[in-house]
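Observations on the model geometry
Spelled out, the chains give:
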Amino acid sequence: MSNNNFGIDLGTSQIKIYNQKRGTTLIEKNMVAVRHRHQLLAIGDEAFEMFEKNPPSIDVGGSVREGSLSDIDRVEVLLHLLLMKSEPHIGISPNLFFSAPTNRSGLEERAYYAISNAGNLKNPRVYVIDRAICDSIALGIPLSRTEGSLIINIGAQNTDVSVIAREQVIISKSIPIGGQQMNGAICDELRRTDNVLIGHRTARRLKSVLANLDEKKSEARRVIGLDTLSGLPRECIVTSDTVNRAIRTQMAAITDEINAFLERTPPQIVQSVRSEGLYLTGGTTQIPGIEKYFAKACQCRINLSSYYDRCTIRGLEEIITHKALHKWAKNIKDRL
């Protein structure tokens, strides 16, 4: 394969592009800002700065929903502009390695090929790799030997639960709960308890500084929101207890789904899974005490990844770098 190899993780919250030639990883928000539906204003982090501040004439949004491509035009714009930002001199026939959901449809697979070939790239070769395989490689799971490894990736809008055995993903499930739903739960909790409306960006900041599932300490932060009765700005104090109460409802729903998932998994595989412990990764797993929460709720040891939201792109980097791992990459053109 040529030196122009790129690993691409099209996440709901962020897009990550690994450039093997430079040994760098570009990470930007999955956001596009468009005026009057046609005029491109900004992409990535610059577009995110407009989020929840934009007037009605400017639409600011993402291109991926629950881990799947939802707006092909926006994905295409983001991909090609960020690839050029990552590497101005891409060259001819670059290799693009996409991490993709295990349960993707044939239509979704063709979409990866379409967005890669629609821009200014010259004859790109497009490959897809199961996201769970990328995660397992980054986590150091021995794919050739494992009889059952369960990976939980809590992303921005969904939680992917996958069992790896016999060098393949044998069972996979996507739970429609992630970090953004937790942000929404924090907004709902403040509206219910304090009659204050806050935006999702504010909720996300509160989650990052106050959430602690270990509950060993209690903190508070001042925020300004809109009073639901008067409609005027009002300051209120938000405690970690309030934030934890909100996200625990979402965490409980995730662990309930995982326990039900394990009940439907063959006993011999469950035995291996429980022997190894559950593997936990994704951006939301940075919440303090999350491994203890999952260990108690699932009655199983937890292996918490230190890569967090970079786990998938780290796995892509390993696959691109090591020739022996190229077997996991499937050429989309051969499958069309």
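Quick note: structure is the one above.
Residues numbered from 1 in each chain as written. Predicted model: local features only at pLDDT ≥ 70, side-chain atom pairs only at ≥ 80, totals over all residues. Heavy atoms only, no water.

**Observations regarding the layout of surface pockets**
A volume near 1,000 Å³ is recorded for the largest pocket. Contributing to the lining of the largest pocket are 45 residues, with S13, G155, A156, Q180 and R204 lying nearest its centre. At the level of secondary structure, the elements contributing two or more residues to the lining of the largest pocket comprise β1 (5-10), β2 (14-19), β6 (58-61), β7 (64-65), β11 (149-154), α5 (179-194), α6 (200-210) and α10 (311-321). Ranked by residue count, the leading element in the lining of the largest pocket is α6, at 5 residues. Across the lining of the largest pocket, the residue classes break down as 13 nonpolar, 22 polar and 10 charged. If you trace the second largest pocket, you find it lined by V32, V34, H36, R37, H38, L40, S57, D59, D71, D73, R74 and V77. Within the residue set of the lining of the second largest pocket, elements represented by two or more residues are β4 (32-35) and α2 (72-86). Classifying every residue of the lining of the second largest pocket by side-chain character gives 4 nonpolar, 3 polar and 5 charged. (1 Å grid on protein atoms, 1.4 Å probe; cavity = no way out; pocket = protein on both sides within 12 Å on 5 of 7 lines; lining within 4 Å. Points joined across faces, edges and corners; volume = space filled by probe spheres on them. Helix = DSSP H or I, 4+ residues; strand = E, 2+ residues; numbered from the N terminus. Nonpolar A, V, L, I, M, F, W, Y, C, P; charged D, E, K, R; others polar.)

**Considerations on the packing of helix α7 (residues 240-263) against helix α9 (residues 290-298)**
It is at 10 Å that the axes of α7 and α9 come closest, and there the two elements cross at 45°. On the basis of their axis angle, the class for α7 and α9 is oblique. Considering how the two elements wind past one another, α7 and α9 form a crossing that is right-handed. On α9, the residues touching R248, M251, A252, I254, T255, I258 and N259 of α7 are I290, Y293, F294, A297 and C298. (Axes fitted to C-alpha atoms, helices over the stretch in contact; angles between N-to-C directions. Parallel < 35°, antiparallel > 145°, perpendicular 65-115°, else oblique. Left-handed = near helix turned anticlockwise from the far one by under 90°. Contact = heavy atoms within 4.5 Å.)

**What about unusual backbone geometry?**
Here the phi dihedral of E167 falls at roughly 60°; this positive angle occurs in a residue that is not glycine. Among the secondary structure elements, E167 is positioned in the loop between β12 (159-165) and β13 (168-175).

**So, α10**
The buried fraction of α10 is high, at 8 of 11 residues. Along α10, the positions that sit buried rather than exposed are C311, T312, I313, G315, L316, E318, I319 and I320. (Buried < 20%, exposed > 50% of the residue type's maximum accessible area, 1.4 Å probe, protein only.)

**Describing the sheet that holds strand β15 (residues 220-227)**
Pairing is antiparallel across the open sheet formed by 3 strands, whose spatial order is β14-β15-β16. Either end of the sheet is taken by a strand with one partner, and the two such strands are β14 (196-197) and β16 (233-239). Strand direction decides the pairing type here: β14 and β15, joined by 2 bridges, are antiparallel. Looking across to β15, one finds that L197 is bridged to L226. Contacts between α6 and the sheet are confined to β15 and β16, with β15 contributing the most and set at about 165° to the helix. (Pairing = 2+ DSSP bridges.)

**A few points about the packing of aromatic side chains**
Scanning the entire structure with this criterion turns up 4 aromatic pairs. Taken together, a centroid distance of 6.2 Å and an interplanar angle of 20° make the contact between F48 and F51 stacked. Accessibility expressed as a relative area gives 24% for F51, which makes it partly exposed. When the ring of F97 is compared with that of Y127, the centres are 4.9 Å apart and the planes differ by 15°; the resulting orientation is stacked. Taken together, the residues span a long stretch of sequence, with F97 in strand β9 (residues 95-100) and Y127 in strand β10 (residues 125-130) at a distance of 30 residues. Judged by its relative accessible area of 0%, F97 falls in the buried class. For K29, the ring lying beneath its charged end belongs to F48, and the centroid distance is 4.7 Å. (Phe/Tyr/Trp six-rings, centres within 6.5 Å; stacked < 30°, edge-to-face > 60°. Lys NZ or Arg CZ within 6 Å of the ring centre and 35° of its normal.)

**Quick word on the side chain of T159**
Its place among the elements puts T159 in strand β12. At 2.8 Å, the side chain of T159 forms a polar contact with the backbone oxygen of I177. Discounting chain neighbours no more than four positions away, the residues touching T159 are I152, N153, I154, K173, S174, I175, I177 and I254. (Polar contact = N/O pair within 3.5 Å; in protein donor to acceptor, adjacent residues only side chain to side chain.)

**Things to note about the nonpolar core**
Within the largest apolar cluster, 41 residues are counted, with the highest numbers of intra-cluster contacts made by L150, L206, I258 and F294. By residue number, the principal contributor to this core is α7, which donates 8 residues. Among the nonpolar cores identified, the runner-up in size contains 27 residues, and I17, L26, I43 and A111 belong to it. (Core = buried A, V, L, I, M, F, W, Y, C linked by side-chain atoms within 4.5 Å.)

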